[in-house]
Amino acid sequence: MSYFWPGVAAIWGALAAGTASLVLYLRADRGRPHLIPLARSAYAAFATCIVAACGVLLALLLQHRFDVSYVNAYSARDLPLHFLISSFWGGQEGSFLLWCFWGAIIGLVVWRSAKEQEAPVMVVYLATFLGIVAILCRQSPFRVLPGAPPADGVGLNPLLQDPWMVIHPPVMFSGFASLSVPFAFAIAALWKKRWDGWVTRAIPWALFTFVTLGTAILMGGYWAYKTLGWGGYWGWDPVENTSLVPWLFTAALVHGMFLQRVKKRHRKVNLILACVSYVAILYGTFLTRSGVLADFSVHSFIDLGITGWLVGILLGFLVGSAALIGWRWRSIPSVQEEDPALLSRSVLFILGIAAFCALGFVILLGTSAPLLTRLTGNPSQVQASFYNQTTSPAAALLVLLAALVPFVSWKGDTAGSLARSARRSLLVGGAILVVAAIAGARDPLTLVLLFFAAFSADMNLRAVTRKARTGKFGGAGGYLAHVGVGIFLAGVAVSGVYAKSTRMTLPAGKPVRAGDSTLTFLRVVPGTATSKQAMEVRVESAGGRVGYLYPKMYVNSKTNQLMANPAIRNSPLFDFYVAPQSYDPGQAEQFGREVRLTKGTTTNIEGTGFTFREFNADRAAMLRGEKSMLVLTELTVTPPDGTKHDITARYVFHTDGQPADSPEVAIPGLSNAFLQVLAVSPTDGAVVLKMRGVSRDPAAEHQAATVESLSVDVTRKPLISLVWGGFYVMMAGALLALVKRSREARRAVAALEAEPGPRIPAGSTAPGTAPAVGPAVPVHLRSPL
């Protein structure tokens, strides 16, 4: 097997430089601090090699180097530039390389911010990526195809040819890469017994992971909503869950870190959460890339022979983390103090962390069902109802806890004082219930979730307002995120339970009622070089407002798949969602009968036998990249007189979407009888023929005229805008918290550097002293996150 060696050299160079940097950092930690500059140089070489490998692959894609296997598999000449770039991460090897790219870039920031913890942190951080780089050495994206290069590539998966899929993977993999940072700090803390200092440095990275993974989840949900056509945005697909679970554990970690910084407690919980969050990423990677989920998810990858590597990496970090925590367990200090009051912020934080973890583990259990049931010999997955029933109580608890946090102190409050503080928000929640009941909401669980969501959103909005009035809006990130949670949950509850869907057929030019709207299918809009074929549908609302929707339905020229994308009419109160299901072009009155034959079979029509012998296709035209291909269908006709006649029917297939050419052929031995090829299927060796004049009874060959029509699913999605808006607000709050915690981390580093006395080399501990705990950073007790 041959390779494109510049790319291969870059990946192997990254493995060598990364390994050298790890070893140098390890030796520096063991008493040779003078090796730190050399370790940094080796890391810079590692990052340079990763960036170079990415540059080489991107250049090959842009140059249409179809002799390279990866380029041929995921790109094509007709892809526009943005989709050509996104084919970089269209396959396993490219997405692994993207993961390493973000890891290399983030590492350059980590070594500068880790300061005295640099050596142990960078040892662990490098270890989290060297396994992936080793996989890329084993399964290289730079393999070259044998023989002459193809004229064109297979192309990007049609479902991924969407603008959201151009930005979704880079955002998601930046979150995957950044989660290595809290893990590295936690393992370094266990290694060096620095129980508190690591939290100040790691919490900005945990918040960065929370923001990036959360944004990626939002993008993926919206992509599914506007592309797949089933009317939803989250189907509990196993691959979707593998990004949701680490996000939930990261949310628990963020809250736990804040609790540790304020109360100097729960160190063990945070160390465990940092490890579990990272291991969840590795476990999700194993599930999606080992082929375990190939039969259960449209998003999963096939097994490329790297399953053993993935299992080894997963077990290495899982067992290593667990062993280190067990070894240091008794050394981790615990603060003995009075148990906090039930209505205190500490208890609410602990309950919230527990709820996040419960959600994560339940979803992880459901996602693992195909793997677990494989042991019984009958692999299967759980239904969406399992997730809905198990996650709803935890979601309700989380939003209730978020509602109480702003008006509860760390020392605790009485139920009476909390009730007085919550009076206005309780009225807001009650008013929302009244409005929902008037609008027709009757489902008890939905009404409970709506009340909690409104109550929580108003409680936290008041806290945000209070912060803004006192000039401390920068400390309101947590409250603002909780406002988003309330809005988001309200949108999920209403849009999920009260969506109304109807399937209908729209004859061309004939208005059809759909609820209080009227739909009219007008015409087919032909595809162009920059747009796909679409169906023009006129929509008139009850108030007389007229608009036009263009759901797409076309045949992908590369895969010959029928693709369908919905059209959405957005409004603040509801989305009008039209998903095409099938299109009937209609036909004039015809005479003839259709027959399907597979290779080597014979059918008899009123004494005349038709035997399909074989295909003869001009495959060389395909290799030359021509847009038309001639297929010759060889048949033997045996009329009633017993004579045999060999005939050849022509069928010209056009890859640019034009109708096929298939002239009629006279049937020997019969007068005024003809046949033509309607369709060929080389994959299963079948041909569809149309016969005319073979039957003695003309009525047997009569086909009545049909009307052109479009079949669609029409769905009314109430308040789904709250789902997207709530998530935006949540991410804005997390971003605000990220900015604040990053500033605090920089101040902590500056304070440490300003301390008088001898400097302690990076990664070491002063002789004869206990390991450092880390600087304490003052916080406002009433400012979560």
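Conventions and cut-offs
Each chain carries its own residue numbering, running from 1 in the direction its sequence is written. In keeping with the predicted nature of the model, local features appear solely for residues at pLDDT of at least 70, side-chain atom pairs appear and are counted solely at 80 or more, and the whole-chain, interface and lining totals rest on all residues. Excluding hydrogens and water, the side-chain values take into account all heavy atoms of the structure. The helix count covers DSSP runs of H or I at least four residues long, the strand count covers runs of E at least two residues long, and both are numbered beginning at the N terminus. Accessible area is worked out with a 1.4 Å probe on protein chains only. A residue is then buried under 20% of its type maximum, exposed over 50%, and partly exposed in between. The criterion used for residue contact is that any of the two residues' heavy atoms lie within 4.5 Å. For the area figures, the Shrake-Rupley method with a 1.4 Å probe applies, and any residue is considered shielded solely by the protein chains shown. Charge assignment in this entry is limited to Lys and Arg as positive and Asp and Glu as negative, and neither His nor the chain termini are counted. For this purpose, a charge sits on NZ of Lys, CZ of Arg, CG of Asp or CD of Glu. If DSSP finds at least two bridges between two strands, the strands pair. Only the contacting stretch of a helix is used when fitting its axis, a line to C-alpha atoms as for every element, and angles between N-to-C directions run 0 to 180 degrees. Two cysteine sulfur atoms form a disulfide, by the criterion used here, when they sit within 2.5 Å. We define a salt bridge as a side-chain nitrogen of Lys or Arg found within 4 Å of a carboxyl oxygen belonging to Asp or Glu. Here the expected length of a helix is defined as 1.5 Å per residue gap, with one fewer gap than residues. Polar contacts here mean pairs of N or O atoms no more than 3.5 Å apart (in protein, one a potential hydrogen donor and the other a potential acceptor; neighbouring residues in sequence count only if both atoms are side-chain atoms). The rule is short: rings of Phe, Tyr and Trp, with Trp giving its six-membered ring, pair when the centres are within 6.5 Å, and they are stacked under 30 degrees, edge-to-face over 60, tilted in between. Over a ring means this: the NZ of a Lys or the CZ of an Arg is within 6 Å of the ring centre and within 35 degrees of the ring normal.

K.L.:
Which parts of the structure should I look at to understand the overall build of the protein chain?
P.N.:
Across its full length, the protein chain holds 21 helices and 22 strands. Its C-alpha atoms give the protein chain principal-axis dimensions of about 110 × 70 × 45 Å. Counting every position in the protein chain, which comprises 785 residues, the buried fraction comes to 51%. Here the analysis covers contacts within the protein chain between residues at least 6 apart in sequence; of these, 72% occur between residues at least 24 apart. Carbon and sulfur atoms form 62% of the exposed surface of the protein chain, whose accessible area is close to 34200 Å². In the protein chain, the 68 positive side-chain charges and the 44 negative ones have mean positions that sit 16 Å from each other.

K.L.:
Would you take a moment to explain the sheet that holds strand β16 (residues 628-638) for this structure?
P.N.:
Either a parallel or an antiparallel arrangement is found when strands of a sheet pair, and the pairing is made through backbone hydrogen bonds. Read from one edge to the other, the open sheet built from 4 strands follows the order β14-β15-β16-β17, with strand pairing classed as antiparallel. Since the sheet does not close on itself, it has two edges, and those belong to β14 (602-605) and β17 (645-654), each with one partner. Averaged over all pairs of adjacent strands, the angle between strand axes in this sheet comes to 30°, irrespective of strand direction.

K.L.:
Would you explain the side chain of S425 in this entry?
P.N.:
Here S425 is to be found in helix α17 (residues 423-438). Each residue touching S425, except ones within four places of it in the same chain, is listed here: F455, D458, M459 and R462.

K.L.:
Before we go on, may I ask you to explain the state of the cysteines in this structure?
P.N.:
Should the sulfur atoms of two cysteines be covalently bonded, the bond is a disulfide. Across all of its chains, the model carries 0 disulfides by this definition. C49 takes part in no disulfide bond, and the closest cysteine sulfur, belonging to C137, lies 11 Å away. In this model C275 remains outside any disulfide bridge; the closest cysteine sulfur is found in C357, 13 Å from its own. We classify C275 as buried; its relative accessible area is 4%.

K.L.:
Please clarify how the pattern of salt bridges should be interpreted in this entry.
P.N.:
Pairs may arise between side chains of opposite charge once their charged atoms sit close together. Across all of its chains, the model carries 17 salt bridges by this definition. Between R201 and E116 there is a salt bridge; the shortest N-O distance is 3.2 Å. Of the two residues, R201 is situated in helix α9 (residues 197-227) and E116 in the loop between α5 (92-114) and α6 (118-138); the sequence distance between them amounts to 85 residues. The pair R201 / E116 is uniform in exposure class, with both members buried. D646 is paired through a salt bridge with R613; the nearest N and O atoms lie 3.1 Å apart. Residue D646 is found in strand β17, and its partner R613 is found in strand β15 (residues 608-617); the two are separated by 33 residues along the sequence. With a relative accessible area of 56%, D646 lands in the exposed category. Owing to a relative accessible area of 31%, R613 belongs among the partly exposed residues under this scheme. By sharing partners, the salt bridges in this structure join R261, R741 and E744 into a single network.

K.L.:
Please clarify how the sheet that holds strand β19 (residues 674-681) should be interpreted in this entry.
P.N.:
The antiparallel open sheet is built from 4 strands, whose spatial order is β13-β20-β19-β18. Strands with a single pairing partner mark the edges of an open sheet, and in this sheet they are β13 (593-598) and β18 (665-666). Relative to β19, β18 runs antiparallel, the two sharing 2 bridges. Paired with A666 across the two strands is F674, which belongs to β19.

K.L.:
I keep staring at helix α10 (residues 238-263) and nothing clicks. Help me out?
P.N.:
Helical periodicity: at 3.6 residues per turn, an α-helix aligns residues three or four positions apart in one direction. If you check α10, its first and last C-alpha atoms are 37 Å apart, about what 26 residues at 1.5 Å a residue would give, namely 38 Å. Among the 26 residues that make up α10, 25 are buried, leaving the element largely enclosed by the rest of the structure. N-cap assignment for α10: the residue whose side-chain oxygen lies 2.9 Å from the backbone N of V239 is D237. After α10 finishes, the residue K264 shows a positive phi value of roughly 55°.

K.L.:
Got a minute to help me understand the pairing of strand β5 (residues 517-525) in this structure?
P.N.:
The side chains of a regular strand alternate between both faces of the sheet. As paired elements, strand β4 (residues 512-514) and β5 share 3 bridges and run antiparallel to each other. Along β5, the bridge assignment pairs R513 with T518. Where β4 folds back onto β5 in an antiparallel hairpin, the turn is made up of 2 residues, including G515, whose phi is positive at roughly 65°.

K.L.:
What is the right way to read the packing of aromatic side chains from this model?
P.N.:
Applying the stated criterion across every chain yields a total of 36 aromatic pairs. Sitting over the ring of F96, R289 keeps its end group 4.1 Å from the ring centre. The ring of F407 has R466 sitting right over it, with the charged end atom 5.3 Å from the ring centre.

K.L.:
What am I meant to see in unusual backbone geometry here?
P.N.:
Negative phi values dominate among residues other than glycine, just as trans dominates among peptide bonds. In the Ramachandran plot, K193 falls in the positive-phi region, its phi being about 60° despite a non-glycine side chain. In this structure, N672 takes a positive phi of about 55° despite not being glycine. Looking at the secondary structure, you find N672 in the loop between β18 and β19.

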